[in-house]
Amino acid sequence: MAISPRKLRNDVYSYSYQNDSNTPLVISVLASLLERTLVRNERIGRKCTMLMPNSKSVRIFDCYETPDMTIKSYLERIFKYTKAGPSVYVVAYVYIDRFCRSQPEFRITGRNVHRLLITTIMVASKYVEDMNYRNSYFARVGGITTKEMNSLELDFLMVMNFKMHVNLSVFESYCCHLEREVSIGGGYHIERTLRCAEEIKSRQTQHHRSQRINPNYIVN
């Protein structure tokens with residue numbers, strides 16, 4: 001599906017927390033990139049079964065069974081229940097890349113990608129957004145226990161030495177990288193929401209106040 005730059009720019013500035021907005025385009029782009037990475041890594045993994053890493057920091061996101069949900073569906077579920085803005089997913093991608101760079105033996109696979117995503121998105125949401133749900137809520141959305149969510153967050157922060165800052169130039173560079181990833185297939189432009197962050201945060205705050213939403217609401 002071809003999407004024009006004008007349409008994407010309109011999505012940025014018309015993004016609303018007051019309605020059930022369409023899923024941000026960055027989710028589809030990020031899902032596509034991670035799916036390709038996963039396939040590549042699992043193909044490499046089949047050839048290097050004798051070189052499985054044992055470091056705890058490399059295996060912190062591993063689960064016993066591969067979840068029966070695609071990356072795109074999982075990201076869409078997270079957006080559906082958290083309404084995290086597009087910039088949260090870009091920052092989460094920054095964190096994923098930083099983690100991979102800090103742990104050269106780490107490979108994104110079907111066994112770790114879901115926990116990696118819910119953890120980085122939750123941490124990114126705390127960094128980007130003014131108002132956030134509790135860890136217990138993110139745990140329910142991500143399909144894990146609160147204890148697991150807390151442990152994953154702490155382990156991730158420890159590995160990253162609590163270096164979570166993402167400045168505008170870094171944000172822009174990762175947007176450009178995501179754009180290049182899909183430019184061959186149709187010319188997406190990732191939402192550059194940090195440029196209108198104050199406007200978005202203002203709308204989000206007004207929405208929470210007007211609707212008196214309880215930030216601890218739990219998905220049934």
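Quantities reported herein were computed from a predicted structural model and do not represent experimental measurements.

Definitions and cut-offs
- Residues numbered from 1 in each chain as written.
- Predicted model: local features only at pLDDT ≥ 70, side-chain atom pairs only at ≥ 80, totals over all residues.
- Heavy atoms only, no water.
- pLDDT = per-residue confidence, 0-100.
- Contact = heavy atoms within 4.5 Å.
- Phe/Tyr/Trp six-rings, centres within 6.5 Å; stacked < 30°, edge-to-face > 60°.
- Helix = DSSP H or I, 4+ residues; strand = E, 2+ residues; numbered from the N terminus.
- Buried < 20%, exposed > 50% of the residue type's maximum accessible area, 1.4 Å probe, protein only.
- Lys NZ or Arg CZ within 6 Å of the ring centre and 35° of its normal.
- Salt bridge = Lys/Arg side-chain N within 4 Å of Asp/Glu carboxyl O.
- Core = buried A, V, L, I, M, F, W, Y, C linked by side-chain atoms within 4.5 Å.
- Patch = residues over 30% accessible without salt bridge, like charges linked within 9 Å, V, L, I, M, F, W, Y side chains within 5 Å.
- Areas by Shrake-Rupley, 256 points an atom, 1.4 Å probe, with all protein chains shown as cover.
- Axes fitted to C-alpha atoms, helices over the stretch in contact; angles between N-to-C directions.
- Parallel < 35°, antiparallel > 145°, perpendicular 65-115°, else oblique.
- Left-handed = near helix turned anticlockwise from the far one by under 90°.
- Nonpolar A, V, L, I, M, F, W, Y, C, P; charged D, E, K, R; others polar.

1. What to know about the confidence of the model for the protein chain
Here is step 1: Per-residue pLDDT for the protein chain averages 78, and the proportion of residues at 70 or more is 67%.
Here is step 2: In the predicted structure, residues 210-220 sits below a pLDDT of 50 and forms 17 contacts with residues beyond four places in sequence or in another chain.

2. With respect to the packing of aromatic side chains
Here is step 1: The tally for this structure, following the rule as stated, stands at seven aromatic pairs.
Here is step 2: Ring centres of Tyr95 and Phe156 lie 6.3 Å apart, and the angle between their planes is 55°; on these two criteria the pair is classed as tilted. Note that Tyr95 is positioned in helix α5 (residues 86-102) and Phe156 in helix α8 (residues 146-159), a separation of 61 residues in sequence. For the pair Tyr95 and Phe156, a shared accessibility class is recorded, and that class is buried.
Here is step 3: Ring centres 4.0 Å apart and planes at 25° place the aromatic pair Tyr133 and Tyr137 in the stacked group. Accessibility assignment for this pair places Tyr133 and Tyr137 in one class, buried.
Here is step 4: Taking the ring centre of Phe79 as reference, the NZ or CZ of Lys83 above it sits at 5.2 Å.

3. Quick word on the pattern of salt bridges
Here is step 1: Across all of its chains, the model carries five salt bridges by this definition.
Here is step 2: Its salt-bridge partner being Arg115, residue Glu148 comes within 3.2 Å of it at the nearest N-O pair. Here the residue Glu148 occupies a position in helix α8, and Arg115 occupies one in helix α6 (residues 113-128), the gap between them amounting to 33 residues.
Here is step 3: The exposure class of Arg115 is buried, given its relative accessible area of 19%.
Here is step 4: Between Lys126 and Glu153 there is a salt bridge, with its nearest N and O atoms 2.7 Å apart. Of this pair, Lys126 sits in helix α6 while Glu153 sits in helix α8; the two residues are 27 residues apart in sequence, bridging distant segments of the chain.
Here is step 5: Residue Lys126 is classed as partly exposed on the basis of its relative accessible area of 37%.
Here is step 6: Relative accessible area serves as the criterion here: at 13%, Glu153 is assigned to the buried category.

4. A closer look at the nonpolar core
Here is step 1: In terms of nonpolar packing, the biggest core is built from 55 residues, with Leu75, Tyr89 and Leu117 touching the most fellow members.
Here is step 2: At the level of secondary structure, the elements contributing two or more residues to this core comprise α2 (25-47), α4 (71-82), α5, α6, α7 (135-142), α8 and α9 (168-183).
Here is step 3: If you tally residues by element for this core, the top one is α5, at 10 residues.

5. A few points about a nonpolar patch on the surface
Here is step 1: Together, Leu154, Met158 and Phe162 make up an exposed nonpolar region whose accessible area comes to about 320 Å².
Here is step 2: Inspection of the secondary structure assignment puts Phe162 in the loop between α8 and α9.
Here is step 3: Taking relative accessible area as the criterion, Phe162 reaches 49% and is therefore assigned partly exposed.

6. Details of the packing of α4 against α6
Here is step 1: Between α4 and α6, whose axes approach to 11 Å, the crossing angle comes to 30°. Accordingly, the angle class assigned to the pair α4 and α6 is roughly parallel. Along this stretch, α4 crosses α6, giving a crossing that reads as right-handed. Taken together, the residues of α6 that come into contact with α4 (itself represented by Ile71, Tyr74, Leu75 and Ile78) are Val113, His114, Leu117, Ile118 and Ile121.
Here is step 2: Residue composition of the contact of α4 with α6, grouped by class: eight nonpolar, one polar and no charged.

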